[in-house]
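A structural walkthrough
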Amino acid sequence: MIEILQWSTLAICALVAIARVPSMLRGENRTLFWIFALMTLAIILSIEAPYVAIDQALGGFNVANLILRFVIFAAILCVGIRVTRGFGATDGYRLLTGPVGMMALALVSLAVIGLFIMIDSQGSSAGLAGISRKGGPDAVLVEYYGAAGRAYPTYVSLVLLPAMVRAVRGSLPLPIRTAAFLLAVGAVAIALTLFFPLMPSSWGPAKFMINYTAVLCFVVGLAIIWAAKVGYGRNAAKQRTFTEK
């Protein structure tokens, strides 16, 4: 079940990213393409087989996991910038791109790098699961490392949430409000990842569901916004053509 969810989510992200290539080459909404491309890469690095292959090529010290953390940071920051600007949430935009947001990103990044250096990371294992299973000090450090890696996405999600709630409750067109609802669900799912250390090990499948719910909600929500914009552009063009005749 988990593998089906992983590969199907990867397929959706990759297809949406590929669909955005023509627009990206024309210079239209390039941020959206990079969001989908980064999410696709993040999912690839979350699946055991491609993760191990990539990490082995990098030396077998789980550097691919560290790369994954920063790919996620880049993707969630792009989502935050795109959404706050698109919905006119100037306060949220400042919290992401201003001094507070940059400080949060810098501190979390330093914590992630510092904790990774402290871990004996030899032996490729997606999610550093192999290290966690060994127990001992490294397993504890992996927990701290994971918590640090979830901190910045949670910060961005909490910044986005008020704007999404306002959009859902507002008078925007239904597709946009639907997209805002999905983005809000994705933001809540990411915020829930902070509580992963408190969840028993038997809740492993639930953790996967929360992670991939967040990804799917963000991808589908942004895709709906893109589709709505394309549809609006076509309708406007038809209207102009009609009035010119």
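Conventions used here
- Residues numbered from 1 in each chain as written.
- Predicted model: local features only at pLDDT ≥ 70, side-chain atom pairs only at ≥ 80, totals over all residues.
- Heavy atoms only, no water.
- Phe/Tyr/Trp six-rings, centres within 6.5 Å; stacked < 30°, edge-to-face > 60°.
- Helix = DSSP H or I, 4+ residues; strand = E, 2+ residues; numbered from the N terminus.
- Buried < 20%, exposed > 50% of the residue type's maximum accessible area, 1.4 Å probe, protein only.
- Lys NZ or Arg CZ within 6 Å of the ring centre and 35° of its normal.
- Expected span 1.5 Å × (residues − 1).
- Polar contact = N/O pair within 3.5 Å; in protein donor to acceptor, adjacent residues only side chain to side chain.
- Contact = heavy atoms within 4.5 Å.
- Axes fitted to C-alpha atoms, helices over the stretch in contact; angles between N-to-C directions.
- Parallel < 35°, antiparallel > 145°, perpendicular 65-115°, else oblique.
- Left-handed = near helix turned anticlockwise from the far one by under 90°.
- Nonpolar A, V, L, I, M, F, W, Y, C, P; charged D, E, K, R; others polar.
- pLDDT = per-residue confidence, 0-100.
- Disulfide = S-S within 2.5 Å.

Remarks on the packing of aromatic side chains
Tallied over the full model, the rule gives six aromatic pairs. Geometrically, the ring pair formed by Phe 73 and Tyr 152 is edge-to-face, given 5.6 Å between the ring centres and 65 degrees between the ring planes. Residue Phe 73 is found in helix H5 (residues 63-86), and its partner Tyr 152 is found in helix H9 (residues 136-169); the two are separated by 79 residues along the sequence. Residue Phe 73 shares its accessibility class with Tyr 152, and that shared class is buried. Among the aromatic residues, ring-to-ring pairing joins Phe 70, Phe 73, Tyr 152 and Tyr 155 into one connected group. Over the aromatic face of Trp 226 sits the side chain of Arg 20, whose NZ or CZ is 4.8 Å from the ring centroid.

Remarks on H5
Helix length check: H5, at 24 residues, gives a terminal C-alpha distance of 35 Å against a target of 34 Å (1.5 Å per residue), a fit within 8%. One or two positions beyond H5, positive phi appears at Gly 88, with a value near 70 degrees.

Here's the deal with the side chain of Thr 193
Counting through the fold element by element, Thr 193 comes out in the loop between helix H10 (174-192) and helix H11 (204-244). Here Ile 190 takes part through its backbone oxygen, which lies 2.5 Å from a polar atom of the side chain of Thr 193. Those residues in contact with Thr 193 that sit more than four places away from it in its chain are Arg 150, Thr 154, Ile 210 and Asn 211.

Topic: the side chain of Ser 121
Note on placement: Ser 121 falls in the loop between helix H7 (99-118) and helix H8 (129-134). A relative accessible area of 8% places Ser 121 in the buried class. Engagement of the side chain of Ser 121 in a polar contact is seen with the backbone oxygen of Phe 61, the distance being 2.8 Å. If we skip the residues at most four places from it in the chain, Ser 121 touches Gly 60, Phe 61, Asn 62, Phe 116 and Ile 131.

Some details on the packing of H9 against H10
Between H9 and H10, the shortest axis-to-axis distance is 8 Å and the interhelical angle comes to 150 degrees. In terms of axis orientation, H9 runs roughly antiparallel to H10. As H9 runs across H10, the sense of the crossing is left-handed. In contact with Pro 153, Thr 154, Ser 157, Leu 158, Leu 161, Met 164, Ala 167 and Val 168 of H9, H10 contributes Arg 177, Ala 180, Phe 181, Leu 183, Ala 184, Ala 187, Val 188, Ile 190 and Ala 191. Residues belonging to the contact of H9 with H10 are distributed by class as follows: 14 nonpolar, two polar and one charged.

Points about the confidence of the model for the chain
Considering every residue of the chain, the mean pLDDT works out to 89; 93% of them sit at 70 or more. Across the chain, the secondary-structure element scoring lowest on mean pLDDT is H11, at 73, and the one scoring highest is H7, at 97. Ignoring residues within four places in sequence, the model shows residues 235-245, a span with pLDDT below 50, making zero contacts including any to other chains.

What about the environment of Ser 125?
Residue placement: Ser 125 occurs in the loop between H7 and H8. On the accessibility criterion, Ser 125 (7% relative accessible area) is buried. With 70 residues separating them in the primary sequence, Ser 125 and Asp 55 have C-alpha atoms 8.5 Å apart. What Ser 125 contacts, discounting residues up to four positions off in sequence, is Glu 48, Tyr 51, Asn 62 and Gly 130.

Some remarks on the state of the cysteines
Here, the word disulfide means a covalent bond between the sulfur atoms of two cysteines. One pass over the full model with this rule turns up zero disulfides. The thiol of Cys 13 is not disulfide-bonded; the next cysteine sulfur, from Cys 217, is found 12 Å away. Cys 13 sits in the buried class, given a relative accessible area of 0%. Cysteine Cys 78 remains unbridged, with the sulfur of Cys 13 as its closest cysteine sulfur at 14 Å.

Focus: unusual backbone geometry
Peptide bonds are mostly trans, and most non-glycine residues show a negative phi. Even without being a glycine, Asn 62 presents a positive backbone phi close to 60 degrees. Given a relative accessible area of 0%, Asn 62 falls into the buried group.

A few points about the environment of Ile 72
Its location among the elements puts Ile 72 in helix H5. By relative accessible area, which is 29% here, Ile 72 ends up partly exposed. Separated by 93 residues in sequence, Ile 72 and Val 165 place their C-alpha atoms 23 Å apart. In contact with Ile 72, other than residues within four places in its own chain, are Ala 42 and Pro 153.

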